[in-house]
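Observations on the model geometry
These are the residues of each chain, in order.
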Amino acid sequence: MVEVEINGEAVKASYSIWALSLYEQEFGGANMLGDLFGVQVFDAPADGEGEDEGKKPEFKLDFTANDWAMLSRVLWAGVKNEDDSTPSFAEWAKSVESYKIFEIAGKVPNEVMRVCF
């Protein structure tokens, strides 16, 4: 949670799985993480491998290439499939306070591929 000032008043803002969906719904399918972070470029680890003519290798992380809100819905479907007492997506997503999105991105699609294909 962060607190910012708007019109002279302190306003709290929090971000979660539900916030990804709210952003998508409110802004015509927009991708909150893609819009916020775009494509990030990082220097590769300094192990000396891949250096070409003194230029350090780099890697790119493209936040625009993934539908992060969709990934949270796929995760919910798997959670609900495992435990039928799981509430609706909206209720469940509002209850999630912390999550590791890269862990989800690494595990969930692989499991769906293993089961469905």
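Residues numbered from 1 in each chain as written. Predicted model: local features only at pLDDT ≥ 70, side-chain atom pairs only at ≥ 80, totals over all residues. Heavy atoms only, no water.

Re helix α1 (residues 17–26)
The condition that has to hold: For every residue, the accessible area (1.4 Å probe, protein chains only) is compared with the maximum for its type, and the residue is labelled buried under 20%, exposed over 50%, or partly exposed between those bounds. Strands here mean DSSP runs of E at least two residues long; helices mean DSSP runs of H or I at least four residues long; both are numbered from the N terminus. Whether two residues are in contact is decided by their heavy atoms: any pair within 4.5 Å suffices. In the analysis that follows, any N or O atom pair within 3.5 Å is treated as a polar contact, provided that within protein one partner can donate a hydrogen and the other can accept it, and provided that, for residues neighboring in sequence, both atoms belong to side chains.
Where α1 is concerned, the buried positions are I17, W18, A19, L20, S21 and E24. Taken together, the buried residues of α1 touch α2 (32–37), α3 (68–82), α4 (89–95) and α5 (101–116). Residue S16 occupies the N-cap position of α1, its side-chain oxygen lying 3.2 Å from the main-chain nitrogen of W18. Positive phi shows up at G28, right after α1, with a value of about 60 degrees.

What to know about the packing of α3 against α5
Any two packed helices are characterised by the angle at which their axes cross and by the distance between the axes. The following threshold applies: The angle between two axes is taken between their N-to-C directions and runs from 0 to 180 degrees, where each axis is a line fitted to C-alpha atoms and a helix contributes only its stretch in contact. The labels follow the angle: roughly parallel below 35 degrees, roughly antiparallel above 145, roughly perpendicular from 65 to 115, and oblique for the rest. Should the near helix be turned counterclockwise from the far one by less than a right angle, the crossing is left-handed, whereas a clockwise turn marks it as right-handed. Three classes are used: nonpolar for Ala, Val, Leu, Ile, Met, Phe, Trp, Tyr, Cys and Pro, charged for Asp, Glu, Lys and Arg, and polar for all others, with Gly counted as polar.
In contact at an axis separation of 10 Å, α3 and α5 are set at 60 degrees when each is read in the N-to-C sense. When the axes of α3 and α5 are compared, the pair comes out oblique. For α3 against α5, the interelement crossing comes out left-handed. Of α5, the residues touching α3 (which contributes W68, L71, V74 and L75) are I101, F102, I104, A105, V108, P109 and V112. Classifying every residue of the contact of α3 with α5 by side-chain character gives 11 nonpolar, no polar and no charged.

Structural notes on the pairing of strand β2 (residues 9–13)
Quick note on the threshold: Should DSSP find at least two bridges between two strands, the strands are taken to pair.
Burial runs low along β2: only 0 of the 5 residues are buried. In this sheet, β2 lies alongside strand β1 (residues 2–6) in antiparallel orientation, the contact comprising 5 bridges. Following the sheet pairing, E3 is matched in β2 by K12. Following β1, the chain reverses through 2 residues before pairing antiparallel with β2; N7 in that reversal takes a positive phi of roughly 50 degrees.

Observations concerning the nonpolar core
What counts, and what does not: Definition used in this section: a nonpolar core is a set of buried Ala, Val, Leu, Ile, Met, Phe, Trp, Tyr and Cys residues joined via side-chain atoms within 4.5 Å.
In terms of nonpolar packing, the biggest core is built from 18 residues, with I17, L20, L33, W68, F89, W92 and A93 touching the most fellow members. When residues of this core are traced back to their parent elements, those giving at least two are α1, α2, α3, α4 and α5. In this structure W92 touches I17, S72, L75, W76, V79, T86 and P87, once residues within four positions along its chain are discounted.

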